[in-house]
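# A closer look at the structure
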Amino acid sequence: MIKRITRQAARPPIAELLDLIPRATLFPDEDRIPFDDLREALINDLAPSTPYEHALAENLFTLELETLRHRRLRDARLFAAFAEQAERELQHMDLAALETILVLNYRGNMAQALTDPDSMVRDTVRKAYATKGVSTTNIMAKAYESVALMIDGHERALVENESRRRRLLEDYERLKARRAKPIEDASAVSYS
């Protein structure tokens, strides 16, 4: 006699099912702790209760991670172009005419000086550039122009990710709403 295993008895525990959901792989320049914290916060906010909801929640996190990466990569490329352009502008200036030790201290990394968190440093360097008719806005415009084609893929991915995120979140919310069951014998209570 062959013993049949019922479907209920053959089901693995939910934890084993959740282990089957692929997790996002980190890039070499990424630190696990912030991403784990972000993942935990997003998953907790979504509060999935079924394996399928967990899968959708994990997809939402992965999509958010992709969006963060595209922003980071786009911004890194743009910042590098800004640094290159700032250095090119500096090479056309007469350093002696700038008359500031601050500019000389930052020589070789003008983008750092132009974006320094210390407003006094930043303003001094910006003023030094401005005395030569160069504004940081113009430097940024030239930098953006020089990398526009390279960062276009990131820009398109950001737009597409937002659309995908909205669709996935709508699917997730519909799934959660469908599972919510109204209490049939409930009556409204008014506190006046």
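Everything numeric in this text was worked out from a predicted model, so none of it was measured. (Residues numbered from 1 in each chain as written. Predicted model: local features only at pLDDT ≥ 70, side-chain atom pairs only at ≥ 80, totals over all residues. Heavy atoms only, no water.)

## Some details on the overall build of the protein
Along the protein, the regular secondary structure elements total nine helices and zero strands. The helix and strand sequence of the protein, counted from the amino end, reads α-α-α-α-α-α-α-α-α. For the protein, contacts bridging at least 24 residues in sequence account for 68% of all contacts bridging at least 6. By element, 55% of the accessible surface of the protein is carried by carbon and sulfur atoms, the whole surface being about 13600 Å². (Helix = DSSP H or I, 4+ residues; strand = E, 2+ residues; numbered from the N terminus. Contact = heavy atoms within 4.5 Å. Areas by Shrake-Rupley, 256 points an atom, 1.4 Å probe, with all protein chains shown as cover.)

## Quick look at helix H9 (residues 136-179)
Along its 44 residues, H9 runs just 54 Å from first to last C-alpha, ending more than 12% under the 64 Å computed at 1.5 Å per residue. Where H9 is concerned, the buried positions are Ile139, Ala143, Val147, Ile151, His154, Ala157, Leu158, Asn161, Leu168, Tyr172 and Leu175. (Expected span 1.5 Å × (residues − 1). Buried < 20%, exposed > 50% of the residue type's maximum accessible area, 1.4 Å probe, protein only.)

## Considerations on the packing of helix H3 (residues 32-46) against helix H4 (residues 51-91)
In a pair of packed helices, the angle between the axes and the distance between the axes together describe the arrangement. Between H3 and H4, the least distance of the axes is 10 Å, while the angle of their chain directions is 135°. Classified by the interaxial angle, the pair formed by H3 and H4 is oblique. Handedness of the H3/H4 crossing: right-handed. Contact with H3, carried on its side by Phe35, Leu38, Arg39, Leu42, Ile43 and Leu46, involves Ala57, Glu58, Leu60, Phe61, Glu64, Leu65, Leu68 and Arg72 of H4 and no other residues of that element. Residue classes in the contact of H3 with H4 are distributed as 10 nonpolar, no polar and four charged. (Axes fitted to C-alpha atoms, helices over the stretch in contact; angles between N-to-C directions. Parallel < 35°, antiparallel > 145°, perpendicular 65-115°, else oblique. Left-handed = near helix turned anticlockwise from the far one by under 90°. Nonpolar A, V, L, I, M, F, W, Y, C, P; charged D, E, K, R; others polar.)

## Comments concerning the nonpolar core
Judged by nonpolar contacts, the single largest core of 14 residues is most densely connected at Phe82, Ala86, Leu114, Val125, Tyr129, Ile139 and Val147. Of all the secondary-structure elements, those providing two or more residues to this core are H4, helix H7 (110-114), helix H8 (119-131) and H9. Considering every element that reaches this core, the biggest residue donor is H4, with five residues. With sequence-adjacent residues up to four places away left out, Ile139 is seen in contact with Phe82, Gln85, Ala86, Glu89, Leu114, Tyr129 and Val134. Ile43, Ala57, Tyr172 and Leu175 belong to the second largest nonpolar core, which has eight residues in total. (Core = buried A, V, L, I, M, F, W, Y, C linked by side-chain atoms within 4.5 Å.)

## Quick notes on the confidence of the model for the protein
Within the protein, residue pLDDT values average 81, and 76% of them lie at 70 or more. Looking at the elements of the protein, mean pLDDT is at its lowest for helix H1 (residues 7-10), recorded as 49, and at its highest for H9, recorded as 93. (pLDDT = per-residue confidence, 0-100.)

## Examining the packing of aromatic side chains
With the rule as written, the count across this model stands at zero aromatic pairs. In this structure, Arg69 is placed above the aromatic ring of Phe27, and the distance from its NZ or CZ to the ring centre is 3.8 Å. (Phe/Tyr/Trp six-rings, centres within 6.5 Å; stacked < 30°, edge-to-face > 60°. Lys NZ or Arg CZ within 6 Å of the ring centre and 35° of its normal.)

## What about the pattern of salt bridges?
Evaluation of the coordinates by the stated rule reveals 15 salt bridges. For Lys176, the salt bridge is made with Glu53, and the minimal N-O distance between the two is 3.6 Å. Of the two residues, Lys176 is situated in helix H9 and Glu53 in helix H4; the sequence distance between them amounts to 123 residues. Lys176 gets classed as partly exposed once you look at its relative accessible area, which sits at 26%. Among the charged side chains, a salt-bridge network with shared partners connects Asp29, Glu30, Arg69 and Arg72. (Salt bridge = Lys/Arg side-chain N within 4 Å of Asp/Glu carboxyl O.)

## Here's the deal with the side chain of Arg39
Within the secondary structure, Arg39 is located in helix H3. Taking the relative accessible area as the measure of exposure, Arg39 reaches 19% and is therefore buried. The residues contacting Arg39, other than those within four sequence positions of it, are Arg23, Glu58 and Phe61.

## Notes on the environment of Leu46
Mapping Leu46 onto the fold places it in helix H3. What makes Leu46 buried here is its relative accessible area of 18%. Along the backbone, Leu46 and Tyr172 are 126 residues apart, and their C-alpha atoms lie at a distance of 8.8 Å. Excluding residues within four positions of it along the chain, Leu46 makes contact with Ala57, Leu60, Leu169, Tyr172 and Lys176.

## Focus on the environment of Leu90
One can find Leu90 in helix H4. For Leu90, a relative accessible area of 1% puts it in the buried group. On a C-alpha basis, the gap between Leu90 and Val134 in space is 9.4 Å, while along the polypeptide they are 44 residues apart.

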